[in-house]
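Observations on the model geometry
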Amino acid sequence: MTLLLDAFTVAAVLAGLLFFVAGTAGLLRFPDTASRLHALTKADHLGLGLIVLGLAAQAESAGGVLRLFAVWALVLLSSAASGPILARLARRGGAGG
Amino acid sequence: MAAAAALRFAMLLLFWLAIAGTAALPVGLIAAALGTAASLQLMPPARLRPRPAALALLVLRFPWQALRAGLAVARIALDPRAAPRPGTIEWTPRLPPGTARDAFLAYASLLPGTLPAGGLAGGAVLIHALEAEGAVAEAMTAEEARFARAFGLDG
């Protein structure tokens, strides 16, 4: 059982890292500010979610699991609040590149 | 007002206890009180009638949406032959201007392919889409209807 959980953790964290790499590649490759925000938020959210899921399998208490998911929820909340504001500012400033 | 304040204080304190435990309870009490004051200032109590089934559907659907959103970005970012075809479309929300609409637009920024980018004078909202050729406006309207159903904003 421990082995299975460990394998799940390794797989989920590696998959999470892959999405962080994808988000960074998008940040470098995408042509405009708003597209880069897509890359930074959506790919990284999924990456963080997978890492949280993988680490939750190693948590020693329900409180630990709760704390991990709270981290994910807080990141989602703050980027849902800041993403549209940044996109609006980028449009007003005419920052295309 | 008092009921809303008590509910918000309780929720914030519960959240504090979940992430910090009981070790620093005085700090948590102060933080929850400050958070309650700030939230009442920024978001006055509104009459929400959440529908449990629709809300549960919205919450349960979210991980699937996050997966779709992340996969879509990752595919375009990592495939050297793919390039995003971004564009900005105008979309008119059904929700009236205000907290509910802002909350939906914040939520929509987490959904696959859409990023609200500010409102226009006529009431329309600009939506930046990573793939502007798809049915972006239709998807936004469908999501808005789900969101409004979950929080009882459509009745």
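Residues numbered from 1 in each chain as written. Chains lettered and ligands numbered in written order. Predicted model: local features only at pLDDT ≥ 70, side-chain atom pairs only at ≥ 80, totals over all residues. Heavy atoms only, no water.

Focus on the interface of chain A and chain B
- Opposite the 31 residues of chain A that make contact, chain B presents 37 residues.
- When the two sides are added together, the surface that chain A and chain B hide from each other amounts to roughly 2600 Å², 75% of it contributed by carbon and sulfur.
- Of all residues in chain A, A:R29, A:H38 and A:K42 give up the largest surface area on contact with chain B, accounting jointly for 24% of the area buried on that side.
- Between the two partners, chain A and chain B, sit 0 salt bridges.
- One can count 11 residue pairs in polar contact (both at pLDDT 80 or more) joining chain A with chain B.
- Broken down by element, the side of chain A that touches chain B gets its largest block of residues, 14 residues, from helix α3 (residues 62-93) of chain A.
- For the side of chain A that touches chain B, the per-class residue count stands at 18 nonpolar, 7 polar and 6 charged. (Contact = heavy atoms within 4.5 Å. Buried area = accessible area lost by both parts, 1.4 Å probe. Salt bridge = Lys/Arg side-chain N within 4 Å of Asp/Glu carboxyl O. Polar contact = N/O pair within 3.5 Å; in protein donor to acceptor, adjacent residues only side chain to side chain. Helix = DSSP H or I, 4+ residues; strand = E, 2+ residues; numbered from the N terminus. Nonpolar A, V, L, I, M, F, W, Y, C, P; charged D, E, K, R; others polar.)

Focus: the packing of aromatic side chains
- For the structure on display, the rule yields 7 aromatic pairs over all chains.
- Ring geometry for A:W72 against B:F62: centres 6.3 Å apart, planes inclined by 50°, an arrangement best described as tilted. In this pair, A:W72 sits in helix α3 while B:F62 sits in helix α3 (residues 52-78), so the two residues belong to two different chains.
- Residue A:W72 is classed as buried on the basis of its relative accessible area of 15%. (Phe/Tyr/Trp six-rings, centres within 6.5 Å; stacked < 30°, edge-to-face > 60°. Buried < 20%, exposed > 50% of the residue type's maximum accessible area, 1.4 Å probe, protein only.)

Observations concerning the packing of helix α2 (residues 33-56) of chain A against α3(A)
Residue and element names in this part refer to chain A.
- Between α2 and α3, the shortest axis-to-axis distance is 10 Å and the interhelical angle comes to 180°. One finds that α2 runs roughly antiparallel with respect to α3. For the pair formed by α2 and α3, the contact residues are T33, L37, T41, H45, L48, G49, V52, L53, L55 and A56 on the first element and V65, L68, F69, W72, V75, L76, S79, G83, L86, A87 and A90 on the second.
- Across the contact of α2 with α3, the residue classes tally to 15 nonpolar, 6 polar and no charged. (Axes fitted to C-alpha atoms, helices over the stretch in contact; angles between N-to-C directions. Parallel < 35°, antiparallel > 145°, perpendicular 65-115°, else oblique.)

Things to note about the pattern of salt bridges
Residues and elements named next belong to chain B.
- Using the criterion set out here, one finds 4 salt bridges over all chains in the structure.
- Ionic pairing is found between E143 and R61, a salt bridge with its closest N-O pair at 3.1 Å. Taken together, the positions of E143 in helix α5 (residues 136-150) and R61 in helix α3 put the pair 82 residues apart, joining distant regions of the chain.
- In this structure R61 comes out as partly exposed when scored by relative accessible area, which is 22%.
- A salt bridge links E131 to R85; the nearest nitrogen and oxygen atoms lie 3.0 Å apart. In this pair, E131 sits in the loop between β3 (125-129) and α5 while R85 sits in the loop between α3 and β1 (87-91), placing the two residues 46 residues apart along the sequence.
- Residue E131 is classed as partly exposed on the basis of its relative accessible area of 27%.

Remarks on the sheet that holds strand β2 (residues 114-119) of chain B
- Spatial ordering of the open sheet is given by β1-β3-β2 (chain B), a layout of 3 strands whose pairing is antiparallel. The open sheet terminates on both sides in strands that have one partner only, identified here as β1 and β2 of chain B. Across the sheet, the mean angle separating the axes of adjacent strands is 30° when strand polarity is ignored.
- Relative to β3(B), β2(B) runs antiparallel, the two sharing 4 bridges. Bridge pairing in β3(B) links B:L115 to B:H128.
- Along the sheet, α2(A) contacts β2 and β3 of chain B; its crossing angle with β2(B), the most-contacted strand, is approximately 130°.
- Sitting on the sheet, α3(A) is in contact with β2 and β3 of chain B, with an inclination near 60° to β2(B). (Pairing = 2+ DSSP bridges.)

Re a nonpolar patch on the surface
- Taken together, the side chains of A:M1, A:L4 and A:L5 define a hydrophobic patch exposed on the protein surface, amounting to about 350 Å² of accessible area.
- Exposure remark for A:M1: the relative accessible area of 75% places this residue in the exposed category. (Patch = residues over 30% accessible without salt bridge, like charges linked within 9 Å, V, L, I, M, F, W, Y side chains within 5 Å. Areas by Shrake-Rupley, 256 points an atom, 1.4 Å probe, with all protein chains shown as cover.)

Describing α5(B)
Residue and element names in this part refer to chain B.
- The end-to-end C-alpha distance of α5, which contains 15 residues, comes to 21 Å, matching closely the 21 Å that a straight helix rising 1.5 Å per residue would cover.
- Of the positions making up α5, those classed as buried are V136, M140, E143, E144, F147, A148 and A150. Axial view of α5: buried residues confined to an arc of 155°, hence all on one face.
- Where the residues of α5 are buried, they touch α3, β1, α4 (99-108), β2 and β3. (Expected span 1.5 Å × (residues − 1). Arc of directions from axis to C-beta.)

Some details on the confidence of the model for chain A
- This prediction gives chain A a mean pLDDT of 89; 96% of its residues lie at or above 70.
- Helix α1 (residues 2-29) of chain A holds the highest mean pLDDT among the elements of chain A, 94, whereas α3(A) holds the lowest, 88. (pLDDT = per-residue confidence, 0-100.)

Considerations on the nonpolar core
- Core analysis: the biggest nonpolar cluster contains 29 residues, and B:F62, B:W91, B:F104, B:Y107, B:I127 and B:M140 have the highest contact counts within it.
- Mapped onto this core, the elements with two or more residues apiece are α2 and α3 of chain A together with α3, β1, α4, β3 and α5 of chain B.
- With residues near it in sequence (within four places) discarded, B:I127 still touches B:G87, B:T88, B:I89, B:W91, B:T114, B:L115, B:P116, B:V136 and B:M140.
- The next biggest cluster of nonpolar side chains, apart from the first, holds 8 residues, and it includes A:A25, A:A39, B:I76 and B:A77. (Core = buried A, V, L, I, M, F, W, Y, C linked by side-chain atoms within 4.5 Å.)

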